Amino acid sequence: MNDYTREDILRLVEEEDVAFIRLQFTDIFGNMKNMAVTVSQLEKALDNRCMFDASSIEGVSGELDADMYLYPDLSTFEIFPWRPQQGKVARLICDVYKKDGAPYEGDPRHVLKRAIAHAAQMGYVLNAGPECEFFLFHTDEDGMPTTLTHEQGGYFDVGPIDFGENARRDMVLTLEEMGFEILSSHHEIAPAQHEIDFRYDEALVTADNLMTFKLVVKTIAKRHGLHATFMPKPRIETCGSGMHVNLSLEKDGVNVFQDKEDVNGLSREGYYFIGGLMKHMKATTCITNPTVNSYKRFVPGYEAPVYMVWSSKTRGPLIRVPSGKGENTRIELRSPDAAANPYLALAVLLEAGLDGIRNQIMPPACIDEDIQKMSRERREELEIQELPRSLKEAVKELGKDEFVLDVLGRELAEKIMDAQKKEYHDYCMQVTDWEIGKYLYRL
């Protein structure tokens with residue numbers, strides 16, 4: 001994050017020969033939107049005077065007064081490295097405001113800011129570090145995406161087996177040019193699957209970074225003649241793509257999750273945070289895994305978690321406490337995928353954890369057995385619950401959790417649930433290739 005002033009931005013635009021500025025924002029479903037202005041309109045934009053008609057934006061359509069204003073966050077100013085060197089293109093991430101000067105309640109960035117403010121009232125700052133997986137597939141002769149790949153690379157393979165190595169390298173270099181600190185990049189388990197990890201940061205910065213990260217990955221992939229997709233499960237025969245999220249809380253600059261005397265290295269706040277996550281996990285899954293396809297990951301025998309357990313010793317649970325101790329103590333939530341709106345996902349996870357701290361909610365006992373190999377009888381004995389196994393079930397769980405509904409705001413929550421119910425209904429109406437192959441011949 002840059003500490004830019006208005007004067008800094010005006011100077012940089014002139015020095016770097018910037019011709020266009022994209023005023024970016026995110027809709028409730030996590031899709032990046034933007035309105036481009038020329039430098040002649042920059043001062044107007046910096047004065048928060050750029051109005052747009054949001055009536056056709058999903059989640060806004062139907063509102064009586066959809067005229068909104070974009071308020072740029074000056075710290076998010078970046079010049080796109082892949083655009084022309086003359087007449088460059090820059091961006092500013094914006095908050096959405098109503099005509100009366102109040103924040104728009106349906107703006108996901110506002111929802112996260114509200115959660116961050118609640119944490120600040122308790123003296124806490126949330127740090128979040130995502131681990132984003134994605135696939136690189138071929139495009140067809142019309143440039144449209146396919147699910148085809150010629151490679152057979154696996155976990156940590158290198159070129160020439162890893163066909164995406166050069167594209168991934170350019171993604172990393174571009175991200176670094178835009179201020180990211182890249183921790184690692186590698187081929188993932190499935191053919192054509194990749195992961196790039198960047199350094200954790202405060203929650204709002206991380207959410208902004210995730211939106212930028214996805215844009216960069218898709219843009220650079222296209223320049224290599226490939227299509228990058230964050231779809232959770234694009235191919236049935238391979239692992240899906242997740243977005244593990246590492247979470248920790250700071251107070252006065254100190255990681256409050258750490259306790260070197262504890263067997264798991266966790267403080268009371270750490271346990272309570274896990275307790276809050278577990279209490280609200282079924283409802284928050286509707287936000288962290290927001291599509292029909294998200295639930296194709298939750299299949300026993302693959303990498304994604306299915307059962308609601310936590311552990312500091314095994315790698316397959318819903319919540320893992322990694323081995324890093326002291327200031328590196330953190331909680332890793334392994335269920336989210338990158339289809340999630342990062343602002344809403346971090347907001348509900350933060351508020352759920354804070355609810356655990358406020359009410360001193362202890363999580364169930366940790367399970368250090370291999371949950372995937374555990375018998376159904378053993379799971380029932382330990383009273384282990386499952387994550388929602390479909391979008392329909394997740395929507396139902398969200399509708400029952402009054403706390404999470406309030407975190408999102410009732411109106412926004414209703415819009416999300418209505419859209420997801422429609423998506424699930426449309427999905428159920430489809431006649432798939434599997435059904436044709438299964439029934440057409442013999443029925």
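My aim in this report is to walk through the structure given alongside it, one point at a time. Being a predicted model, the structure only gives us computed values, none of them experimental.

Reading the values: the criteria
- Residues numbered from 1 in each chain as written.
- Predicted model: local features only at pLDDT ≥ 70, side-chain atom pairs only at ≥ 80, totals over all residues.
- Heavy atoms only, no water.
- Core = buried A, V, L, I, M, F, W, Y, C linked by side-chain atoms within 4.5 Å.
- Buried < 20%, exposed > 50% of the residue type's maximum accessible area, 1.4 Å probe, protein only.
- Contact = heavy atoms within 4.5 Å.
- Helix = DSSP H or I, 4+ residues; strand = E, 2+ residues; numbered from the N terminus.
- Pairing = 2+ DSSP bridges.
- Expected span 1.5 Å × (residues − 1).
- Arc of directions from axis to C-beta.
- Disulfide = S-S within 2.5 Å.
- Polar contact = N/O pair within 3.5 Å; in protein donor to acceptor, adjacent residues only side chain to side chain.
- Axes fitted to C-alpha atoms, helices over the stretch in contact; angles between N-to-C directions.
- Parallel < 35°, antiparallel > 145°, perpendicular 65-115°, else oblique.
- Left-handed = near helix turned anticlockwise from the far one by under 90°.

### Re the nonpolar core
At step 1: Phe213 and Leu249 are the most contacted members of the largest nonpolar core, which has 89 residues in total.
At step 2: Residue contacts for Leu249: discarding those within four places in its chain leaves Tyr124, Val125, Leu126, Val254, Asn255, Val256, Phe257, Phe273, Leu350, Leu354 and Ile357.
At step 3: Counting 25 residues, the second largest nonpolar core, distinct from the first, contains Cys50, Ala90, Leu92 and Tyr104.

### Some details on the pairing of strand E4 (residues 67-72)
At step 1: A one-sided burial pattern is seen for E4, the buried positions being Met68, Leu70 and Pro72 and the unburied ones Asp67, Tyr69 and Tyr71.
At step 2: In this sheet, E4 lies alongside strand E3 (residues 50-53) in antiparallel orientation, the contact comprising 4 bridges. In the strand pairing of E4, Asp53 is matched with Asp67.
At step 3: Here 5 bridges tie E4 to strand E6 (residues 88-98), and the two strands are oriented antiparallel to one another. Paired with Pro72 across the two strands is Cys94, which belongs to E6.

### Some words on helix H4 (residues 165-177)
At step 1: Taking 1.5 Å per residue as the helical rise, H4 with its 13 residues ought to reach 18 Å, and the 18 Å between its terminal C-alpha atoms agrees with that figure.
At step 2: For H4, every residue scored as buried is listed here: Ala167, Arg168, Met171, Val172, Thr174 and Leu175. Down the axis of H4, the buried set is contained in an arc of 165°. They therefore lie on one face. Turned more than 90 degrees off the buried face of H4, the exposed positions are Asn166, Arg169 and Glu177.
At step 3: Against strand E7 (125-138), strand E8 (182-187), strand E9 (193-198), helix H5 (203-223) and strand E11 (226-229) lie the buried residues of H4.
At step 4: Positive phi appears at Gly179, one or two residues downstream of H4, with a value of about 100°.

### Things to note about the environment of Gly87
At step 1: Position of Gly87 among the secondary structure elements: in the loop between strand E5 (78-79) and E6.
At step 2: Relative accessible area serves as the criterion here: at 21%, Gly87 is assigned to the partly exposed category.
At step 3: Through-space distance from the C-alpha of Gly87 to that of Pro232 is 37 Å; in sequence the pair is 145 residues apart.
At step 4: The contact partners of Gly87, leaving out residues within four places of it in the chain, are Asp17 and Ala19.

### Re the state of the cysteines
At step 1: A full pass over the atoms with the stated rule returns 0 disulfides.
At step 2: Just so you know, Cys132 is unpaired, no disulfide at all, and the nearest cysteine sulfur is the one on Cys239, 17 Å from it.
At step 3: Owing to a relative accessible area of 0%, Cys132 belongs among the buried residues under this scheme.
At step 4: Here Cys286 stays unpaired: no disulfide links it, and the sulfur of Cys428, its closest cysteine neighbor, is 15 Å away.

### Examining helix H6 (residues 268-288)
At step 1: Helix length check: H6 (21 residues) gives 25 Å between terminal C-alpha atoms against 30 Å at 1.5 Å per residue, more than 12% under.
At step 2: N-cap assignment for H6: the residue whose side-chain oxygen lies 3.4 Å from the backbone N of Glu269 is Ser267.

### Observations concerning the environment of Tyr302
At step 1: Tracing the sequence through the fold places Tyr302 in the loop between H6 and strand E14 (310-311).
At step 2: In this structure the C-alpha to C-alpha distance between Tyr302 and Thr238, which are 64 residues apart in sequence, comes to 8.4 Å.
At step 3: The residues touching Tyr302, leaving out its near neighbours within four places in the chain, are Lys233, Ile236, Glu237, Thr238, Cys239 and Gln372.

### Some remarks on the packing of H5 against helix H7 (residues 342-358)
At step 1: Relative orientation of the contacting elements H5 and H7 amounts to 150°, with a least axis distance of 9 Å. Judged by the inter-axis angle, H5 sits roughly antiparallel to H7. By crossing handedness, the relation of H5 to H7 is classed as right-handed. From H5, Ala203, Leu204, Thr206, Ala207, Asp208, Leu210 and Met211 reach across to H7, where they touch Pro342, Tyr343 and Leu346.

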